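Descriptive analysis of the structure
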Amino acid sequence: MRQSPLLLILLLLFIFSPRLLGWLLSTTGAWYRPYIIWLAIVIIAYFVQRSLVKKHEL
Amino acid sequence: MSFSFFDVALICLIYLSILFAIALATERGIIPSKVASHPVVYILSLGIFASALSYYGVIELAENFGYGALAYYMGTGMLFLFAPVALKPLMELARRFQITSMADLLTFRYHSHEVGGLVTLCMLLAVMPLLSLQIQAVADTILLLTNQNHDLERGVDSFDTRDMLALVYCAVIGCFALVFGANREHHKGLITAMAFESVVKLFGMLAVGGFSVYAIFGGMGGLDQWLADHQTNLEYLYEPLKHTESHTLLLVFLSTAVAMPHIFHMAVVENPLRHSTYTVTWAFPLFLLLMALPIFPILWAGLSFGSTIPSEYFSLAVPLLAENTTFTVISFVAGLSAATGAIVSISLAISTMVMNQWILPASSLSAKREVYGQIVLIRRVLVIAVIALAYLFYSGLENRFSLSQLGLISFIAALQLLPGILCVTYWARANRQGLLTGLAIGMGIWAAGLLLPIYIGEHVIELGFAGLSLKLGISHWSDIALWATSLNVSAFIIVSLLSKQSNEERYSAELCSEDELSHPVRMVLDIRDPDEMVERLGERIGRNTARIEVDRALAQLSMNPNERRPYALRRLRDEIEANLSGLLGISLATEIMDTLIPLRVPEAEGATDINLIEDRLNHYREHFSGLAAELDSLRLYHRRTLEQLPMAGLSVGKDREVLMWNNSMQQLSGIASEQVTGSRLDDVLEPWGPLLASFVDLDVDHTHKEQVEIADSQRWLNLHKASIPSSLEHQIDGQVILLEDVTELQMLEDELLHSERLASVGRLAAGVAHEIGNPVTGIDSLAQILKYETDDPEIIETADQILSQTKRVSRIVHSLVSFSHAGRNRGSEYEACNLRECVQEGMNLIALQKEKAQMLFVNEVPEYVQVLGDSQRLIQVFVNLLGNARDACEEGTKVSVIVEQVAKEVSFAVTDEGPGIAPEIQDRILEPFFTTKDPGEGTGLGLAMVYSIIEDHNGQLELISPVDKVLQRGTKFVIKLPNALASAETLSNTSS
């Protein structure tokens, strides 16, 4: 199974999580910041699935 | 602003009628199947996840946990984000084995009825708070709308009416579930209705969110200003994230998507489209994002009113307090929709589990009555029972718990099932003892810590040592959840490692864990054909139902009803079990199959099911990457090498089951690989089965020239075999057999023998001719002397007869000598001959025999055609062929010689219009001394001599008879001889 990309994502999350959390938990920012990240994940997921479906159809 | 009970009842009625209409329209086909089966509909139907808790309760969660409340959506969102990895294996399992509920899945994986029973009990207990939550939300919101003061304090008068409305609501929902959820086939109507509900609640949530921002705060700027004025609200969003409870919340909500029975049912069982697995990865998180987006604006809008209404109902309270009727109705309907979807789907899922795990295994279905009808009836009764039980549970709660508290109680119970579910695909070693122990501990802690305190109140029990104490009650939910889960997981792992799996459990575990490096064992099935399965199954489920189920499975597998291959019968058995699981639940289906059509572990060790492994590898090969993909490519390369081997080959297992049958074997035997793979060797069609089976048993590894009759022709085969060594020491896994077709070699040998025989006949003939020639010459001389030395006419007559007979003997002797000389190859002496002249010479010579019938000889050979040969011997060929034609045909008929092709070789034909040569003697006419003429008329050497001469000229002779297929007349000899012109050209090219 494709575990390597998953591990890489987890590693990246681990490395960048302090900075990301710092940005997220900054009270000076807009209240909808978590939603922006959420939306970004959805968009990434959309493109990933599109490439997966294309690969599947080949 | 307030509504009357009548208004609210009318709204409820209209909404539920629309829901009924949509479901009915889908079932009747009024809503096109294209729409009903669209991935968007499926993804929206997953929105049942967002129950009344996510419409109302989540606002309270936001108030208590700030951004931590988003964990409710994020946990589920993450699970679907990784659906191809996290959910797809479960979806595949559900599809393959017709698994209809999570209890079925666990029963199948752990091969235990006890597991199914216990899981069902846990689920039933777990969903009661969740169902009560929905009923409470509907009842409370009705009260909010109808109460002038907009508070939830229970008045003496309102109590009965509100609960009565809740009861009526439950009854209507029950009816809906009965009509659209109880039948066996995919509930398209139900799915469309659930999708519609999701649209309604999403619209409601966004509408109320928009209303909060624009109507209450006057736009985003107003909201920012309000937040700037009330900084504590903004700061509080982050504060709870720093506490453990927020993390526990994420853990609890992560489990809901897969462990809650209704979400499992929609996500895994009802998933109609394979490709939607990919679409769902982004579409469902997007749906959840849209659902979550308005949470905080609604919370702040509610807080800005400073009302006494609990924050959990702010979604309804905001438009209600702002006295906006339209948005109030929209919000109420959306909340109603959220609750309805959850109740319908939960009650259906849990009733299926109860039926499959408790009712059916305990009560035997009547084999005399139609099984399908009995099942629908049981399911309907159970749906009503579940909803009634939920209503009783709700009544017992007396509104002492908030929606989010009830949700947490429910989800923490569901969390206890997560370890067991994860191990279905990810840990084949996990066993039922481990699961039962872990689950009992986890659920025990949950029941003691959260369920019982609902009735007995919160308690703190001092343990009396190290200052430890047991804190029971919803206030301590986080600690209880962590303790229950961690002890559950620990017990599960430890007990699984310390105890052993049964063979059946190991088999199921291997089927479930696609990633496991396992050797599925080829089980032995004590059954001969599908009809025997019908006979045996008929004892329990009735003969008609058994026939329907066996035929259904045969059709699904595209199998022949007369199938006898053990591999195919094992697949058929699995398919029937899967279908029965869909009908009766896996518990009863397994019990029926294990009793009536049991699988046995083979006596021979190492009987690995190669076909199953290959099936599985082919199925999952797109998932392989890196080393696994390379290994798979290597496997395919070796398989293709064996398949394309230009020699017939097959491999058999230790139990004589055919495991491979390559392409050459298919061509040789005429039996397709699909027909024979998985058969027992003895069952393969004759002559192959007996031949191969006896060879497998032989002590020798090679046999030569086995004679086999295939399609009425004889073939000769050399057979070779070798043992396949097993990974186990001193064991073999089976045998590989190669079949070498030596028919052509055998034919050549026979031909050589025949030629040798002919040659010896020729030599004999030459000797005989020589020996006879001398005395005949003497007789001839004496007869001539006798004739000239007497005048007695009688003696002269006798002498003439002697001379005539000696001439005849001389002619025969001359023919014999010519035939024996024909064997000498004189190719080096050949020169270019004009074919037309040779033919003409032959015709002239034949025409000289006036006493014979006169024919119409036609020489159509062009002047320019020249062949390489000896002209005198070629004339002999034409004399023999034309003479035979004349003897066979009636007088005056046409005998022609025409050239058919001039290339490297000259092809010409001698054709007559005679009666033709009978097929049965066509093979023999070239043999020496074979003749159809009367005794004394022919020597039987004419055609043999023709054949010899043509062979000496490196030519070919072909016989076609009859020429006229309609009249069945005519004979044609086609002769090919080297073209003198082409040969000269080749020579000149070579020399230059």
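Keep in mind the model is a prediction, meaning the values are calculated, not measured.

So, on to the overall build of chain B. Counting secondary structure elements, chain B contains 41 helices and 16 strands. Per-residue burial over chain B gives 44% buried out of 992 residues. Considering only contacts within chain B whose residues lie at least 6 apart along the sequence, 75% involve residues at least 24 apart.

Take the overall build of chain A next. If you tally the helices and strands in chain A, you get two helices and zero strands. For chain A, with 58 residues in total, the buried portion stands at 7%.

Residues and elements named next belong to chain B. One open sheet holds the five strands; their spatial order is β11-β13-β14-β16-β15, and the pairing between them is mixed. Looking along the sheet, the strands with just one partner apiece sit at the ends: β11 (856-859) and β15 (956-960). Looking at each pair of strands side by side, their axes are set apart by 20 degrees on average, direction ignored. By the bridge criterion, six bridges tie strand β13 (residues 894-902) to strand β14 (residues 905-912) in an arrangement that is antiparallel. Bridge pairing in β14 links Gln901 to Ser907.

Before going further, it helps to examine the sheet that holds strand β9 (residues 732-741) of chain B. Picture the strands of a sheet paired through backbone hydrogen bonds; they go either parallel or antiparallel. All names here are of chain B. Reading across from one edge, β6-β5-β9-β8-β7 is the order of the five strands in this open sheet, with antiparallel pairing throughout. Across the chains shown, the open sheet's two edge strands, defined by having one partner strand only, are β6 (658-661) and β7 (702-710). The average angle at which neighbouring strand axes cross in this sheet is 25 degrees, direction not considered. Here strand β5 (residues 648-653) pairs with β6 via three bridges, running antiparallel. Considered in β6, the bridge of Leu650 is made with Trp661.

How big an interface is tends to be stated in terms of accessible area lost as the parts join. If you look at the interface, chain B gives 23 residues, while chain A gives 17 residues. The set of elements that each furnish at least two residues to the side of chain B that touches chain A consists of α13 (231-236) and α16 (276-292) of chain B. In terms of residue count, α16 of chain B provides more of the side of chain B that touches chain A than any other element does, seven residues in total. Residue composition of the side of chain B that touches chain A, grouped by class: 15 nonpolar, five polar and three charged.

Residue and element names in this part refer to chain B. Ala52, Ala69 and Ile412 are the most contacted members of the largest nonpolar core, which totals 209 residues. The biggest single contributor to this core is helix α9 (residues 113-146), with 20 residues. Here this core spans two domains, and each of domain 1 (5-417) and domain 2 (522-561 + 568-594) adds at least three residues to it. Contacts of Ala69, omitting those with residues within four sequence positions, involve Val58, Leu61, Ala62 and Ile295. Counting 37 residues, the second-largest nonpolar core is a separate cluster that includes Tyr830, Leu881, Leu882 and Phe908.

Residues and elements named next belong to chain B. Two strands pair when backbone bridges link them, and β5 and β9 are joined in this way by six bridges, in the antiparallel orientation. Paired with Gly653 across the two strands is Gly734, which belongs to β9. Pairing analysis gives nine bridges linking strand β8 (residues 713-725) to β9, with the strands arranged antiparallel. Bridge pairing in β9 places Lys721 opposite Ile737.

Now for the packing of helix α4 (residues 52-65) of chain B against α9 of chain B. Residue and element names in this part refer to chain B. As a packed pair, α4 and α9 sit with axes 10 Å apart at the nearest point and diverge in direction by 70 degrees. In terms of orientation, α4 and α9 fall into the roughly perpendicular class. Every residue of α9 that contacts α4 at Ala52, Leu53 and Tyr56 is listed here: Leu133, Gln134 and Ala137. Here the contact of α4 with α9 is composed, by residue class, of five nonpolar, one polar and no charged.

All names here are of chain B. Two numbers describe how α9 lies on helix α20 (residues 371-397): the axes approach to 8 Å, and their chain directions differ by 75 degrees. Judged on the interaxial angle alone, α20 and α9 are roughly perpendicular. Contacts from Met128, Leu131, Ser132, Ile135 and Gln136 of α9 reach α20 at Leu389, Ala390, Tyr391, Phe393, Tyr394 and Leu397. Of the residues assigned to the contact of α9 with α20, the class counts are nine nonpolar, two polar and no charged.

Mean pLDDT over chain B stands at 82; residues scoring 70 or higher make up 89%. At the level of chain-chain contacts, confidence expressed as ipTM amounts to 0.84, with global pTM at 0.64.

The subject of this paragraph is helix α7 (residues 88-97) of chain B. What sets the pattern is the α-helix's 3.6 residues per turn: residues three or four places apart point alike. Residue and element names in this part refer to chain B. What α7 keeps buried is the set Pro89, Leu90, Leu93, Ala94 and Phe97. In an axial view of α7, the angular spread of the buried residues amounts to 135 degrees, which keeps them on one side of the axis. Those residues of α7 hidden inside the fold are in contact with α8 (102-110), α15 (261-269), α22 (418-426), α25 (503-512) and α28 (566-584). Gln98 occupies a position one or two residues after α7 and carries a positive phi of about 50 degrees.

A separate point is α28 of chain B. Residues and elements named next belong to chain B. Along its 19 residues, α28 runs 26 Å from first to last C-alpha, staying within 8% of the 27 Å computed at 1.5 Å per residue. Burial of α28 is extensive: 15 of the 19 residues sit out of reach of the surface. Following α28 by one or two positions, Gly585 has its phi on the positive side, about 95 degrees.

Turning our attention to unusual backbone geometry. Residues and elements named next belong to chain B. The omega torsion across Ser961 and Pro962 is 0 degrees, close enough to zero to call that bond cis. Considering the arrangement of structural elements, one finds Pro962 in the loop between β15 and β16 (971-978). Of note in this structure, His111 is not a glycine but carries a positive phi near 45 degrees. Checked against the element boundaries, His111 lands in the loop between α8 and α9. Residue His111 is classed as buried on the basis of its C-beta count, with 22 C-beta atoms lying within 10 Å. Residues other than glycine seldom take positive phi values, yet Lys705 does so here, at roughly 50 degrees.

Another point: the pairing of β5 of chain B. All names here are of chain B. Summarising burial for β5: six of the six residues are buried, a large majority. Both faces of β5 are covered, namely the face carrying Ala648, Leu650 and Val652 and the face carrying Gly649, Ser651 and Gly653. Counting the residues in the hairpin turn of β5 and β6 gives four residues, including Arg656, whose phi is positive at 65 degrees.

Okay, the environment of Ser896 of chain B next. Residues and elements named next belong to chain B. Position of Ser896 among the secondary structure elements: in strand β13. C-alpha of Ser896 to C-alpha of Glu913: the two residues are 17 residues apart in sequence and 9.3 Å apart in space. The residues contacting Ser896, other than those within four sequence positions of it, are Val858, Glu860 and Thr911.

Another aspect to go through is the environment of Asp733 of chain B. Residue and element names in this part refer to chain B. Considering the arrangement of structural elements, one finds Asp733 in strand β9. Judged by the 22 C-beta atoms lying within 10 Å of it, Asp733 is buried. For the pair formed by Asp733 and Asp655, sequence separation is 78 residues and the distance between their alpha carbons is 9.1 Å.

The next subject is the environment of Ile350 of chain B. Residue and element names in this part refer to chain B. Considering the arrangement of structural elements, one finds Ile350 in helix α19 (residues 325-362). What makes Ile350 buried here is the crowd of 29 C-beta atoms within 10 Å. Remark: the alpha-carbon pair of Ile350 and Ser101, spanning 249 residues in sequence, is separated by 8.3 Å. Among all residues touching Ile350, those that are not within four sequence positions of it are Met123, Leu124, Val127, Pro261 and Val386.

Scoring rules and cut-offs
Residues numbered from 1 in each chain as written. Chains lettered and ligands numbered in written order. Predicted model: local features only at pLDDT ≥ 70, side-chain atom pairs only at ≥ 80, totals over all residues. Helix = DSSP H or I, 4+ residues; strand = E, 2+ residues; numbered from the N terminus. Buried ≥ 20, exposed ≤ 12 C-beta atoms within 10 Å, placed from the backbone. Contact = placed C-beta atoms within 7 Å. Pairing = 2+ DSSP bridges. Axes fitted to C-alpha atoms, helices over the stretch in contact; angles between N-to-C directions. Nonpolar A, V, L, I, M, F, W, Y, C, P; charged D, E, K, R; others polar. Core = buried A, V, L, I, M, F, W, Y, C linked by C-beta atoms within 7 Å. Domains from an automatic or database assignment. Parallel < 35°, antiparallel > 145°, perpendicular 65-115°, else oblique. pLDDT = per-residue confidence, 0-100. Arc of directions from axis to C-beta. Expected span 1.5 Å × (residues − 1).

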